[in-house]
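Per-entry structural report
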Amino acid sequence: MNNIKHIFRTLFRYKLSTFVNIVSLFIAFWGIIILSLFISNEISYDNYHKDKDRIYMLGIGSDIFYFPTPIKKIIEKDNPLYEEISLFQEAYYNNIYTNRTTINKGIECRGAKIDLSFFKIFDFHFTEKNLVDIAKSVIISKSVANKLFGNTRALGKNINIGYSTNFTIIGVFDDYKNNTSFKYDYYIPYKWNFNDYKEWSYNLIIKLKQNNTAEGFNKFTSSNKEIIEYIKNLNERYGKEYNVKVLPLNKLHYTTASGQLPGNNKINIHIIYILEILVILLALMGAINFINCYTSQAPLRAKSIALKQIFGMKKWRSKYIILVEAIILSIIALIISLLIHLSFYTQIQNIFEINGLNINNNPLFYLIFLAGAIIFGIVAGIYPSFYITSPEPAQSVKGKMSFANKGKHIRSILVIIQLFFASLLIILTISIKKQLHFWNNFDTGLKTENIVYLHVPYEIQKHYEAFAKELLKNPNITDYTYTQFIPGNVGMRWGRAINNHQVSLVSWPVDERFMNFFNIKIVKGRNFRSLKSDERKYIINKKAVDKLGWDNPTNIKIFGFQKENPVIGVCEDFNFANLRIPIQPLILWLYNGRRQELLLKTNNCNYKKLFAFIRNTANEFDRDNNLIIDFLDNNLARQYKQEEKIGTFIQYVGIWTIILAITGLMGLIIFISRDRMKEISIRKVNGASIKEILKLLNNIYLKWLAIAFVLACPTGYLIVKEWLSFYTYKTEISWWIFALAGLILLFITVCTTSYINYKTASTNPINNLKDE
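Residues numbered from 1 in each chain as written. Predicted model: local features only at pLDDT ≥ 70, side-chain atom pairs only at ≥ 80, totals over all residues. Heavy atoms only, no water.

1. What to know about the nonpolar core
The biggest cluster of nonpolar side chains holds 137 residues, and the ones touching the most others in it are Phe29, Leu275, Trp508, Phe518, Ile558 and Leu588. Among residues more than four places away in sequence, those in contact with Phe518 are Leu446, Lys447, Ile451, Pro487, Leu599 and Leu632. (Core = buried A, V, L, I, M, F, W, Y, C linked by side-chain atoms within 4.5 Å. Buried < 20%, exposed > 50% of the residue type's maximum accessible area, 1.4 Å probe, protein only. Contact = heavy atoms within 4.5 Å.)

What follows is the structure, given as structure tokens:
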């Protein structure tokens, strides 16, 4: 107990060192807390299922995850390794409503088609359940049930989904946690056509039996004759060696596969790796700061320790006390960090639009962070405990001990490491910003300026032509087109067997005005003429022609709507999805329906008045509408929201790390200044100016900065190059990124060192030389 009191008295005696250490550790620990909780949330996606290690998505290579329905029957017939298997197809968004209301007053929900075995694969908690295999049944979430029926039971009641009516509710499940790839509001047990090889737009989810492995399942698929024949055409068509293999459930959150897999807000696994490195980096820089700051107090601490040793204290006990001080400082900093985090984590989640920062959802982290703080204190305190107690007691008591050369190279290396990581983070932050700017200003081939869009209510879709004509009466609206999807949100994919070859096409229902609206050029064949003459006919893009190897595409017929329909034209390629992926083979098809979105070409005008006009016009057709109007540019910008929020996140971590590096640098400057105080005073007495002394003192820091920057540039280049390699459309790695990073760090370093060194150089030399 007396030792603890003594340790606290010592900490309060050296207030400046204690304060700087706690601030430095707080910066490091809070950053570690935020990053650790975020990473834990991201890697926990889909991990709450009991049999998660036995659940897989069937895939072909790493980029195709769609199959025709007969593949399920092949696996069921011949494969003894699986326990359950389910087809899965996202059903997009639909309004759900009861017979007591109208479709416009329904709830917009996201759903999927599945087999009932889906609920034997994944863990669902049902509040109401009678999973019988009947026609037109549906399973809905608890929140949807509450909105539709209040507190009354929903089981057995009928609801309508879109324009399909009388679905019987056979189950109500508790709403999901945030960290799931299957966040749907309803599931429809579907009656599949198992004889159709032409339509392959379905995921296959498999649960293996106990003690069976993915390798065993992959071996089965690679030897099954029917599956081999199925992928043979793919290999011939695309010139690749495709194999059917499974994707583990725990990798689903990190696999985009051009939108073929369930789940939103996916994250690149390399971002997780970067954030994990940043956790280690913050811990390392916190330890460097601690060592530099603690050893800066060595001349003051050594004399008092020497006196205690003369009066009988063992050297190991002195080391032990310093080690305990380090642990106590770590725990104090951790407590402050946790209190600050609990006060502000909600705001941080809102700013960066992330989840998982509430530590109370996983109280085990309290113990993990406490153990981490204790280990950190031990590791960071070992070097100072040996360093401070290293002089002989007799020299220390006389004040003649010198630390000038002790550990000089170690401290120099530690500061260089800090400046290296600070330089690297600035380079990465600028590069991420440059890539996002590149995406947001890229010419996609579609003219999106001054185009607004609105989701068309069901009632207005019945009068789509009259509604559009009324809108055109406004001189600021010059053109319109109806489509099922807007650019950036095309969510339909067709798998087809054409001329005995399997092909995959992004499918986009449009109207006859679409091509002219976006000025998309026809390079072969012709454009859509009218709904009457060209309904259910197709236009494909050049990418489809090139990838599928069709010499005369306008002679091709593609199955759809229960019959073969002709391709009438080929259009130039344009980017209709986000720029993370290359342009995909696309099929545009003219259809009398699916007018969920209306795009309007406008003049540059008073948009507040224009939007009011659109809403007033909509009210004439449907007074119950809840019209949402936005600019198309805004929707396209949202495609990179994940990268933007992660980029901003890393940017702030970079700033946090730079602050951490500067506090460590300040600790070392204080140490060097105190150790050279008499030298500086002698120089002043001999006529040296403050400017000359500043130059002398700053030179060493500038040398360290130069070494760190030279090392950071090639490292940063390689990291940025590797990161950009995951994107099809990417910015250049410009020389000015490194120049700007160097200038930023130079400015921060010079300002910090000059401020402290100026105070040192301005002291009265008589005060430092009066004992000489």
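2. A look at the packing of helix H23 (residues 690-724) against helix H24 (residues 735-761)
It is the contact of H23 with H24, at a shortest axis distance of 9 Å, that shows an interaxial angle of 155°. Here H23 is positioned roughly antiparallel relative to H24, judged by the angle of their axes. Read as a crossing pair, H23 and H24 show a hand that is right-handed. Of H24, the residues touching H23 (which contributes Ile690, Ile693, Leu694, Leu697, Asn698, Tyr701, Leu702, Leu705, Phe709, Cys713, Gly716 and Tyr717) are Phe738, Ala741, Gly742, Leu745, Leu746, Thr749, Val750, Thr753, Ser754, Asn757, Tyr758 and Ala761. (Axes fitted to C-alpha atoms, helices over the stretch in contact; angles between N-to-C directions. Helix = DSSP H or I, 4+ residues; strand = E, 2+ residues; numbered from the N terminus. Parallel < 35°, antiparallel > 145°, perpendicular 65-115°, else oblique. Left-handed = near helix turned anticlockwise from the far one by under 90°.)

3. Let's talk about the pairing of strand E5 (residues 137-141)
Of all five residues making up E5, five are buried, and the element is well covered by its neighbours. The two faces of E5 match: Ser137, Ile139 and Ser141 on one face and Val138 and Ile140 on the other face are all buried. Here five bridges tie E5 to strand E7 (residues 164-173), and the two strands are oriented parallel to one another. Note that in E7 the partner of Ile140 across the bridge is Val172. Direction of pairing for E5 relative to strand E8 (residues 186-189): antiparallel, over a ladder of two bridges. Bridging from a neighbouring strand, Ile140 pairs with Tyr186 of E8. (Pairing = 2+ DSSP bridges.)

4. Regarding the side chain of Asn358
You can see Asn358 is positioned in the loop between helix H10 (315-352) and helix H11 (364-388). For Asn358, a relative accessible area of 18% puts it in the buried group. There is a polar contact of 3.1 Å between the side chain of Asn358 and the side chain of Tyr345. Looking at Asn358, its side chain comes within polar contact range of the main-chain nitrogen of Asn360, at 3.0 Å. Discounting residues that sit within four places of it in the chain, Asn358 has contacts with Tyr345 and Gln349. (Polar contact = N/O pair within 3.5 Å; in protein donor to acceptor, adjacent residues only side chain to side chain.)

5. Quick look at the environment of Ile737
Tracing the sequence through the fold places Ile737 in helix H24. The class of Ile737 is buried, set by a relative accessible area of 2%. Each C-alpha atom of the pair Ile737 and Ile426 lies 8.9 Å from the other, and the pair is 311 residues apart in sequence. Sequence-distant contacts of Ile737, defined by excluding residues within four places in its chain, comprise Ile427, Ile430, Ser431, Lys434 and Glu732.

6. Description of the side chain of Gln435
For Gln435, the position within the fold is in helix H13 (residues 408-440). For Gln435, a relative accessible area of 0% puts it in the buried group. Of note is the side chain of Gln435, whose polar atom sits 2.9 Å from the backbone nitrogen of Thr731. Apart from residues no more than four positions distant in its own chain, Gln435 is found in contact with Trp723, Leu724, Tyr727, Tyr729, Lys730 and Thr731.

7. Digging into the packing of aromatic side chains
Enumeration over the complete set of coordinates arrives at 43 aromatic pairs. Look at Phe119 and Phe124: their rings are 5.0 Å apart centre to centre, the planes differ by 70°, and that puts the pair in the edge-to-face class. The residues Phe119 and Phe124 share a single accessibility class, namely buried. Consider the rings of Phe124 and Phe126, whose centres lie 6.2 Å apart with planes at 35°: the pair is tilted. Of the two residues, Phe124 and Phe126, both sit in the buried class. Clustering of aromatic rings is evident, with ring pairs tying together Phe88, Phe118, Phe119, Phe122, Phe124, Phe126, Phe173, Tyr176, Phe182, Tyr184 and Tyr187. The ring centre of Tyr190 lies 4.5 Å from the NZ or CZ of Lys113, which sits over that ring. (Phe/Tyr/Trp six-rings, centres within 6.5 Å; stacked < 30°, edge-to-face > 60°. Lys NZ or Arg CZ within 6 Å of the ring centre and 35° of its normal.)

8. Here's the deal with the packing of helix H22 (residues 677-685) against H23
Taken N-terminus to C-terminus, the directions of H22 and H23 make an angle of 150°; their axes are 10 Å apart at the nearest point. If you check the angle between H22 and H23, you find them roughly antiparallel. Considering the relative orientation of H22 and H23, their crossing is right-handed. Along its contact with H22, which presents Glu679, Ile680, Arg683 and Lys684, the element H23 presents Ile693, Leu696 and Leu697.

9. A look at the pattern of salt bridges
A side chain of one charge can pair with a side chain of the opposite charge if their charged atoms are brought near each other. Summed over all chains, the structure comprises 15 salt bridges. Between Arg54 and Glu83 there is a salt bridge, and its shortest N-O distance comes to 3.0 Å. In this pair, Arg54 sits in the loop between helix H2 (15-43) and strand E1 (55-60) while Glu83 sits in strand E2 (residues 82-97), placing the two residues 29 residues apart along the sequence. Arg536 is paired through a salt bridge with Glu535; the nearest N and O atoms lie 4.0 Å apart. Residue classification places Glu535 among the partly exposed positions, given a relative accessible area of 32%. Each of the salt bridges in this network shares a partner with another, and the network as a whole consists of Asp51, Arg54, Glu83 and Lys207. (Salt bridge = Lys/Arg side-chain N within 4 Å of Asp/Glu carboxyl O.)

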